[in-house]
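# Overview (structure and organization)
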Amino acid sequence: MDRSWMKADRLGPVYEKGVLEFLEYTDEHLIDNNEIVYQCTKYGVSRYKLKANNGDDNDNDNVSRKHRPAKVLWYLPIISRFNMLFSNLKGAKNIRWHADEKTHDGNIRHVADSLQWKKIDSLFLDFGVEPRNLRLGLATDGMNPFGVEVDDAYFGEKFKMRAILFCTIKKFPAYGNLAGYSVKGYKACPICEDNTCYHQLEFRKKTVYLGHRKFLKPGHPYRRLRKAFNEEQEFDEAPKPLIGDEVYQRQEHINVVFGKRQKEKWELAPIEKGKRTYMPLACHTLSKKKKKIFCEYLQGIKFSQGYSSNMKKLVSMKDIKLIGLKSHDFHVLMQQPLLMAIRGILPKNVRVTIIRLCLFFNAICNKVIDFKNLDELEDEASIILCQLDIYFPPSFFDIMVHLLVHLVREIKFCGPVYLRWMYPIEQYMNIFEGYTKNHH
């Protein structure tokens, strides 16, 4: 059905004719609950899901009683949302905070202190000179170079607003869906790419990512150790990340193929004692008694309301394990309780390594980070991964563990971690979904 009449003059003959045609259409296609079955003009099928056809060709009788739509489109008018940001006096003032009120002391406390923000300002001078232009952190990709005229309630003037994609906020598994990059296999690291140091476990058919000694400084003593690692010394350098031009050249003639492609393990030495041979326990293995001590400690922890989930409900004393933890619960557990919970239940060397890992996450999650300390934090991440390599089996080192070595680089380019993680988005996801008013 042609709907162009809706935009015509309401007092003209075109609009009047369109209304009459629409009323005739409703009389012919009206079904229960005063709803209309409207067929697609191109394919001639119903817009609603149909019930199983029992031989009756009447589409109106086959429409599901709940009238669920066959296709659902969620449209979020982003330009109108941008206009609303500047229509509020307080909101319009806060958008300029990074230009008018931010402290300039060399520390990283806002994304405006990141290298990528400064790079955008230097490349697009007309964009960077206007502090009210928006830099978006979205779970999508693209750039809008065209301006939109917006009323600024704070200054009481109109200006041409532009928006640019600054970063994407997502979990790493979603990186493959968003960027079209495989987050599994031999080249799962988007930073190392071809130089990703992978190993295929012989019996478990699992790809692990080791060889983090190459990220250490050239004279670090871990590079010369043999027995503690893979019986070899490490002299290679860390792979250099690709620059923008190199990434573009690789993707310029990319050929997308849909579907899935067909897809050295070190063991603890067995010990013979008499006529029996058994495998020794790893240094990080906890006995049942120590597991109980660990769970009892976590069960007694209380956090402020809203800070974390109720830890008591996440501990099962019957099974002596943690259950039902969400990503934010793991984050809280690693930054605070784990430091105290492992005291006295793990060997000192393993305990110190895990504590260093926890302190590393505490450091990169601070609201203010000294830019001068980022190189030291980057070296610390490499040392921690090497120590984990000494005490934990190869199967522990999946791609998420390997990405630890690149976290500090992300802070340099995109700013503080707490402004770019998924936790606030996950917290309000139910609220956002409720706005759609669509339960299908």
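This text goes with the structure placed above it.
Here we summarise the structure given alongside this text. (Residues numbered from 1 in each chain as written. Predicted model: local features only at pLDDT ≥ 70, side-chain atom pairs only at ≥ 80, totals over all residues. Heavy atoms only, no water.)

Okay, unusual backbone geometry next. With glycine set apart, most residues show a phi of negative sign, and most peptide bonds adopt trans. If you check the backbone angles, E231 has positive phi at about 65° while not being a glycine. Overall, the relative accessible area of 51% leaves E231 in the exposed class. The phi dihedral of I320 is positive, around 55°, even though this residue is not glycine. Here I320 shows up in the loop between β9 (315-316) and β10 (321-322). Judged by relative accessible area, I320 falls into the buried class, the value being 17%. (Buried < 20%, exposed > 50% of the residue type's maximum accessible area, 1.4 Å probe, protein only. Helix = DSSP H or I, 4+ residues; strand = E, 2+ residues; numbered from the N terminus.)

Take I301: it is sitting in the loop between α10 (288-299) and β9. Residue class for I301 comes out buried when judged on its relative accessible area of 16%. Expressed as a C-alpha distance, the spacing of I301 and K312, which sit 11 residues apart in the sequence, is 7.4 Å. Setting aside anything within four residues of it in sequence, one finds I301 in contact with M311 and P337. (Contact = heavy atoms within 4.5 Å.)

Quick look at the packing of aromatic side chains now. Within the structure shown, the criterion is met by 8 aromatic pairs. Between Y154 and F155, the aromatic rings sit 5.1 Å apart at their centres with planes inclined by 90°, giving edge-to-face as the arrangement. Here the aromatic cluster, defined as three or more aromatic residues joined through ring pairs, consists of F392, F396 and F397. The ring of F229 is capped by R213, whose NZ or CZ atom sits 4.3 Å from the centre of that ring. (Phe/Tyr/Trp six-rings, centres within 6.5 Å; stacked < 30°, edge-to-face > 60°. Lys NZ or Arg CZ within 6 Å of the ring centre and 35° of its normal.)

Their axes nearest at 4 Å, the elements helix α6 (residues 115-123) and helix α16 (residues 407-414) cross at an angle of 40°. Of the residues in α16, those touching α6 at L115, Q116 and W117 are K412, F413 and C414. Across the contact of α6 with α16, the residue classes break down as 4 nonpolar, 1 polar and 1 charged. (Axes fitted to C-alpha atoms, helices over the stretch in contact; angles between N-to-C directions. Nonpolar A, V, L, I, M, F, W, Y, C, P; charged D, E, K, R; others polar.)

Moving on, we get to the pattern of salt bridges. Within the structure shown, the criterion is met by 14 salt bridges. Salt-bridge contacts for E157 lead to R132; the nearest nitrogen and oxygen are separated by 3.0 Å. Note that E157 is positioned in strand β4 (residues 157-167) and R132 in the loop between α7 (125-128) and β2 (134-137), a separation of 25 residues in sequence. Classification of E157 by relative accessible area gives partly exposed; the value is 37%. Given the relative accessible area of 5%, R132 is considered buried. Notably, a salt bridge pairs K217 with D379, separated by 3.3 Å at the nearest N-O pair. A relative accessible area of 52% places K217 in the exposed class. Judged by its relative accessible area of 22%, D379 falls in the partly exposed class. Here the salt bridges share partners, and the residues they tie into one network are E130, R132, D152 and E157. (Salt bridge = Lys/Arg side-chain N within 4 Å of Asp/Glu carboxyl O.)

Purely geometric numbers; function is a separate question.
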